[in-house]
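Given next are the chains, with one letter for each unit.
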Amino acid sequence: MIMSEHLFPTGSTPYDLVIKNGTLVTAEAVFPADVAVSGETIAAMGRDLHGRREIDAAGKYVIPGGVDVHVHLQMPIGRFVSTDDFYHGTRAAAFGGTTTIIDFVETAPDQSMLDALAARQALAAGKAAIDYGLHMTIGPSDIAKLDQVAGVRAAGCGSFKLYMAYGLRLTDGELLRALEAIRDVGALPVVHAENWDVITTLIDRHLAAGRTTPHWHPRSRPAPLEAEATGRVIDIAAWVGTPIHIFHVSCAATVERIAAAKAQGLPVTGETCPQYLYLTQDVYDRPGVEGALPVCAPPLRPAADRDALWGALASGSLDLVSTDHCPFTRAEKATGLDDFSQIPGGVPSIESRLALVYDGLVNRGGGNRTAALSRWVDVCATTPAQRLGLGGKGRLLPGYDADIVIFDPVADYVVSPESLHEKAGWTPYDGIELPGRAVTTISRGEIIVDQEKWQGTPGRGRFVMR
Ligand code: DUC
Ligand code: ZN
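Just so it is clear, the model here is predicted, and its values are computed rather than measured.

Focus on the overall build of the protein
Piece 1. A tally of regular secondary structure across the protein gives 13 helices and 22 strands.
Piece 2. Over its C-alpha atoms the protein spans a radius of gyration of 22 Å, differing by no more than 12% from the 23 Å that the globule rule assigns to 466 residues.
Piece 3. Counting contacts in the protein only where the partners sit at least 6 residues apart, residues at least 24 apart contribute 76% of the total.
Piece 4. Here the protein displays about 16,300 Å² of accessible surface, and carbon together with sulfur accounts for 53% of that area.

Take a look at the structure:
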C-alpha cells in the first residue's frame, strides 16, 4: 500500500522511496527497520526514514530480490524452444520475487564466442524486465576456441558452463583444458555432472527391451553415477586448481561428494532446485503426458534423496537454490510418449522458487525461525549473487542495487497454472498449498510488481557485467 506520495520541503531527507515498518531479513539477521532508496540504489536502513513515496510493509518481510543463477529462457533444445521468452520469463520471475537471473550462451561451431554472446544479449535486450547475466557454454567445438575465453570474461561473463551430458558433453581431457582456461581468467566453472556413457547405454538397453515410458527415465540416470561424475569433475578441478560450482544436485550421493570436497577445504559449491526438493520419481508413473511433464535431468529421485537435499540446504552442504527453469508445453512433452529419451527435458520453477523454499526451510523446517529466515535469504539471494560474481546484488545494504522484495508470510494460496505468470500452461507444483508469497518487487529502485500488479516493462532489465 502506498502511504504517501508528496514532495518534501527543501532540506529534509530526499529519499525517492522508503519501505516502512517491515521486518528486514538478511543472510545475517532479522530486524525491524525502514529501507530508503535513492535512484537505483539502497541509500539507508534505519528507523523513521521518510521519502517521496512510502510503502507500508507492516507484517511483511523485506528481503533482497531473489537471484536465480540457472535459467533457460527461449532456449533451443532439439526441435523445441523453451516456452518462456526473455520477457515472459523475467516477468514471471519478478512476480515470484526474483530480480536477477543468469541464462546461457551457446556458440555455434562456425561462430566466435563473442559473436554468440552479442547475439544472446541482443535477444534479451528488448525483452528482459529484470537484470540478467549470462554463462558462456564451452562445448566440444569450443575447445578449439579457448583463446577466446579471456575476451568473453572481459565482456562480462564471469562463469562458464561445462556439460558432462548431451551433445555438448566434454571428455575428461576436454574438461581439463576448459577448466585450465577458466582458471586462467579467474572465472567460475559451472557444471552439469552426469555420466553420459552410462546413461546412453541404459537408455538403449531399456528401449530395446520395449521399456519406453517415462518410468524408465530415472532408471537410465542412476544417482550413484551422478555422484561419480560430480566427484570426477571435482577431482579434475582440484588438480587444475580452480573453484567449481555443481549445478542441479538431485540426490544424497552427490551431496556427499560435495560435502567431502568442502571438508577438504576445496572451493566447491553446489546448488539444488525446487523440483528436487518437492517432487519424487514416482511422478513419472502418472498416466499419459502427466508422467512426461516432470522429465528433467538429472531426474527426480526417491523421497529419501529429496529429504537429504533439504537437510543439506539447511546444514550448508548445499549452498544455494536455483531453478534450471526450462519449460515445455504439454504438446511438446507428449511427443516423447513412445520414447522417454525424446521428451524435452526441463520444468518451470522460476516464479515459485522463493515461496517454495520459504515453505520448506522456514514454514516446515522446524528449528529456529530467525536462523531459517536468514538461511532462506542466503540460499535464494545472497550466496547466489556472491558466488556468481553479481556485485551489488543479493544484499540489503546501502550502496547495493535497490532490488527489494516485500514478502507476505500470511498470504496462503494453492499453486496452479492460473496463479502463475509462466507460459507453460502447467506447473509441477499444481495443488501445493503455500503459506506466503512475494507481493511487491522493486528492481533498481523501480516498483515493477506493485501489490501483485505488473508495472514493469520489457527491455528495462540490464545485462550485469560479472
Ligand atoms: N536439464 C533439464 O532438465 N533441462 C535443461 C537442461 C538440463 O540440464
Ligand atoms: Zn540447466
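Re the state of the cysteines
Piece 1. Counted by the stated rule, this structure contains zero disulfides.
Piece 2. Just so you know, Cys-296 is unpaired, no disulfide at all, and the nearest cysteine sulfur is the one on Cys-273, 8.2 Å from it.
Piece 3. Under the relative-accessibility criterion, Cys-296 is labelled buried at 2%.

Observations concerning the side chain of Ser-159
Piece 1. Among the structural elements, Ser-159 can be located in strand E12 (residues 159-163).
Piece 2. Within the structure, the side chain of Ser-159 is placed 2.7 Å from the side chain of His-135, a separation counted as a polar contact.
Piece 3. Aside from chain neighbours lying at most four places away, what touches Ser-159 is Leu-134, His-135, Met-136, Ala-187, Leu-188, Val-190, Leu-388 and Arg-466.

Things to note about the site of ligand 1
Piece 1. In the vicinity of ligand 1, the contacting residues are His-72, Tyr-166, His-192, His-248, Cys-296, Ala-297, Asp-324, Cys-326, Gly-345 and Gly-346.
Piece 2. Within the contact set of ligand 1, a nitrogen atom lies 3.4 Å away from a side-chain nitrogen or oxygen of Asp-324.
Piece 3. Within the complex, 97% of the 240 Å² of free accessible area of ligand 1 lies under protein.
Piece 4. Tallied by class, the residues present in the shell around ligand 1 amount to four nonpolar, five polar and one charged.

So, unusual backbone geometry
Piece 1. Following Ala-297, the chain continues to Pro-298 via a peptide bond in cis, the omega torsion being -5 degrees.
Piece 2. Relative to the elements of secondary structure, Pro-298 occurs in the loop between helix H9 (289-292) and helix H10 (303-315).
Piece 3. One non-glycine residue, Gln-74, lies in the positive phi region at around 30 degrees.
Piece 4. Within the fold, Gln-74 resides in the loop between strand E7 (66-68) and strand E8 (76-77).
Piece 5. Judged by its relative accessible area of 13%, Gln-74 is buried.
Piece 6. Of note in this structure, Tyr-166 is not a glycine but carries a positive phi near 70 degrees.
Piece 7. Relative to the assigned elements, Tyr-166 resides in the loop between E12 and helix H4 (172-184).
Piece 8. With a relative accessible area of 31%, Tyr-166 lands in the partly exposed category.

Things to note about the pattern of salt bridges
Piece 1. Taken as a whole, this structure holds 25 salt bridges when the rule is applied.
Piece 2. Ionic pairing is found between Arg-306 and Asp-307, a salt bridge with its closest N-O pair at 3.0 Å.
Piece 3. Overall, Asp-307 belongs to the partly exposed group, its relative accessible area being 43%.
Piece 4. We note a salt bridge from Arg-375 to Asp-378, for which the minimum N-O separation is 3.3 Å. Taken together, the positions of Arg-375 and Asp-378, both in helix H13 (residues 369-387) and three residues apart, correspond to about one turn of that helix. Pair check on accessibility: Arg-375 and Asp-378 agree, each one buried.

Basis of the calculations
- Residues numbered from 1 in each chain as written.
- Chains lettered and ligands numbered in written order.
- Predicted model: local features only at pLDDT ≥ 70, side-chain atom pairs only at ≥ 80, totals over all residues.
- Heavy atoms only, no water.
- Helix = DSSP H or I, 4+ residues; strand = E, 2+ residues; numbered from the N terminus.
- Rg over C-alpha atoms; globule rule 2.2 N^0.38 Å.
- Contact = heavy atoms within 4.5 Å.
- Areas by Shrake-Rupley, 256 points an atom, 1.4 Å probe, with all protein chains shown as cover.
- Disulfide = S-S within 2.5 Å.
- Buried < 20%, exposed > 50% of the residue type's maximum accessible area, 1.4 Å probe, protein only.
- Polar contact = N/O pair within 3.5 Å; in protein donor to acceptor, adjacent residues only side chain to side chain.
- Near = heavy atom within 4 Å.
- Nonpolar A, V, L, I, M, F, W, Y, C, P; charged D, E, K, R; others polar.
- Salt bridge = Lys/Arg side-chain N within 4 Å of Asp/Glu carboxyl O.

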